[in-house]
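So the chains spell out like this:
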Amino acid sequence: MQYNKLSPNRILSVDALRGITILLMIFVNELAGAEDIPAWMKHMHADDDAMSFVDAVFPAFLFIVGMSIPFAINSRLAKGESFVQLQKHILFRTLGLLVLGFFMVNAEGGYNEAAMDMSINLWALLFLAAVIMIWKVYYKASKTLVIILKIIGFAGLIILACIYRDKNGGYITPRWWGILGLIGWAYLYSCIFYQLFKGNKYWLTGAIALCVAWYAAGKLPVVQQTGWLHFIPAQSGNAAHTSIVLCGIVVSLIFFDETKALSIQKRFVQAFAFTAILFIAGYLLRPYYKISKIHATPTWCLYSAGFCTIIFAFLYWLIDIKQIKGWTGFFKPAASNPLLTYIIPDIIYYITSLIGISLVSDSFDRGLGGIAWSAFFAVAVMGIAFVLTKLKLRLKL
């Protein structure tokens, strides 16, 4: 049973937003290492009560995850998947994101190469090789070969986890879940809400308010000091991120739910009304919660989702209504192969570090040179993703 009647075709504007977001994510990640760049091209400090466009990239990714959820769930239901099969898919996808985030975080810092008796660069490359073996789409390989390769990949992850040692000689541990892990938790909770409310955008809007209330409750001293309520502040960040994913779901339903016949004009009116609600709610909450990506405050979440809604509405008007879409081909590989595109920069980094070379000269690690290099690097990664996708290397959780 489908919750909503959605278009079975891919929505080009959704793919474009996903591709643009991934391009910007690669750009800002590379730019983070540059010096002498404008403040608006950096992450704001935790207590600044401000956000730059850089601080809006991660929520844009969460937002696009939300936009995809109704299509993904409805498509599986339309194919006849049972309730149990659907939950297995959601749980395995969540687990995949958590595992990826878990290993990536431990590769970034806190390791002890001497205790591991292995370079962290080699360790990380072996991890990424295992990721490719596990989540690669095998187009023509035999089922037996696919199973063998996936088993080797999983065994590789287990071995690498056993090899890893932290600075104190301890074993690998989830210090935090990383960007992909945070996306995984928000994805899981949002899928639960979507199914619980059967795709009703009004109830889902209420779920956004519930996430904000959960965050607020987690900041109350009485809650923080009550031991048996510890799970509330512990999940405050996940509640905040889930609110952004839910905003993406609501916007997707506003534009593409065909259960009720609505004109394009009415859909845009609903989208801008929803945006106004987000901005007004953020404004009203700002005296109590600063705008902060680091603290994942409701104001940051609501403002980010509002900006994402406006940007998507423009892309939908430009691409799907006005049919000005030739330029979107550049983003297609990243949109259809996001996981591979996301890990390509890490693969490049670990390979160059392992062999002891640097891709960037001193003149390209600061100022305009740093900005130019970061832009070139992001475009180059998109080009590599294009080539690898053409060569049938595609990853899918």
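To be clear, the structure that these remarks concern was listed above.
Scope of this entry: the structure provided in the associated data block. In this text the structure is predicted, and so the values were computed from the model without any measurement.

**A look at the overall build of the protein**
Link 1 in the chain: From N to C terminus, the protein includes 16 helices and zero strands.
Link 2 in the chain: Its C-alpha radius of gyration of 21 Å places the protein within 12% of the 21 Å reference for a compact globule of 397 residues.
Link 3 in the chain: Across its three principal axes, the protein shows a C-alpha extent of roughly 60 × 55 × 50 Å.
Link 4 in the chain: Residue pairs at least 24 apart in sequence account for 76% of intrachain contacts in the protein once pairs closer than 6 positions are excluded.
Link 5 in the chain: Element-wise, carbon and sulfur atoms account for 67% of the exposed surface of the protein, whose accessible area totals about 19600 Å².
Link 6 in the chain: Averaged over its 32 positive side-chain charges, the protein has a centre that lies 16 Å from the centre of its 19 negative ones.

**Points about the pattern of salt bridges**
Link 1 in the chain: All told, the structure shown has six salt bridges when counted by the stated rule.
Link 2 in the chain: Here Arg366 makes a salt bridge to Asp365, at a shortest N to O gap of 3.7 Å.
Link 3 in the chain: By relative accessible area, Asp365 is classed as partly exposed at 26%.
Link 4 in the chain: Here the residues in one salt-bridge network are Glu35, Asp36, Asp365 and Arg366, joined through shared partners.

**Digging into the packing of helix α7 (residues 178–196) against helix α11 (residues 236–256)**
Link 1 in the chain: Look at α7 against α11: their axes get within 8 Å of each other, and the N-to-C directions meet at 55 degrees. When the axes of α7 and α11 are compared, the pair comes out oblique. Crossing hand, α7 versus α11: right-handed. Contacts between α7 and α11 involve Leu182, Trp185, Ala186, Tyr189, Ser190, Phe193 and Tyr194 from the first element and Asn238, His241, Thr242, Val245, Leu246, Ile249 and Leu253 from the second.
Link 2 in the chain: Considered class by class, the residues forming the contact of α7 with α11 number 10 nonpolar, four polar and no charged.

**Quick notes on the packing of helix α3 (residues 83–108) against α7**
Link 1 in the chain: Where α3 contacts α7, the two axes come as close as 6 Å, and the packing angle between them is 160 degrees. By the criterion of interaxial angle, the relationship of α3 to α7 is roughly antiparallel. At the point where α3 passes α7, the crossing takes the left-handed sense.
Link 2 in the chain: Residue classes in the contact of α3 with α7 are distributed as 15 nonpolar, eight polar and one charged.

**Side note on helix α5 (residues 120–135)**
Link 1 in the chain: For α5, with 16 residues, the first-to-last C-alpha span of 22 Å sits near the 22 Å given by 1.5 Å per residue.
Link 2 in the chain: On the buried face of α5, the contacting elements are α3, α4 (113–116), α6 (143–163) and α15 (338–355).
Link 3 in the chain: The opening residue of α5, the one whose side-chain oxygen lies 3.1 Å from the backbone nitrogen of Asn121, is Ser119.

**Focus: the state of the cysteines**
Link 1 in the chain: As enumerated under the stated definition, the model contains zero disulfides in all.
Link 2 in the chain: For the unlinked cysteine Cys211, the closest cysteine sulfur is that of Cys247, found at 9.0 Å.
Link 3 in the chain: Of all cysteine sulfurs, the one in Cys247 lies closest to Cys301, which takes part in no disulfide; the gap is 8.4 Å.

**Re unusual backbone geometry**
Link 1 in the chain: A positive phi is found at Asp36, a non-glycine position, where the angle reads about 55 degrees.
Link 2 in the chain: Along the chain, the position of Asp36 falls in the loop between α1 (12–31) and α2 (57–78).
Link 3 in the chain: Its relative accessible area of 56% is what places Asp36 among the exposed residues.
Link 4 in the chain: In this structure, Asp117 takes a positive phi of about 60 degrees despite not being glycine.
Link 5 in the chain: Its location among the elements puts Asp117 in the loop between α4 and α5.
Link 6 in the chain: With relative accessibility at 72%, the residue Asp117 sits in the exposed group.

Cut-offs used in this document
- Residues numbered from 1 in each chain as written.
- Predicted model: local features only at pLDDT ≥ 70, side-chain atom pairs only at ≥ 80, totals over all residues.
- Heavy atoms only, no water.
- Helix = DSSP H or I, 4+ residues; strand = E, 2+ residues; numbered from the N terminus.
- Rg over C-alpha atoms; globule rule 2.2 N^0.38 Å.
- Contact = heavy atoms within 4.5 Å.
- Areas by Shrake-Rupley, 256 points an atom, 1.4 Å probe, with all protein chains shown as cover.
- Lys, Arg positive; Asp, Glu negative; His and termini not counted.
- Charge placed at Lys NZ, Arg CZ, Asp CG, Glu CD.
- Salt bridge = Lys/Arg side-chain N within 4 Å of Asp/Glu carboxyl O.
- Buried < 20%, exposed > 50% of the residue type's maximum accessible area, 1.4 Å probe, protein only.
- Axes fitted to C-alpha atoms, helices over the stretch in contact; angles between N-to-C directions.
- Parallel < 35°, antiparallel > 145°, perpendicular 65-115°, else oblique.
- Left-handed = near helix turned anticlockwise from the far one by under 90°.
- Nonpolar A, V, L, I, M, F, W, Y, C, P; charged D, E, K, R; others polar.
- Expected span 1.5 Å × (residues − 1).
- Polar contact = N/O pair within 3.5 Å; in protein donor to acceptor, adjacent residues only side chain to side chain.
- Disulfide = S-S within 2.5 Å.

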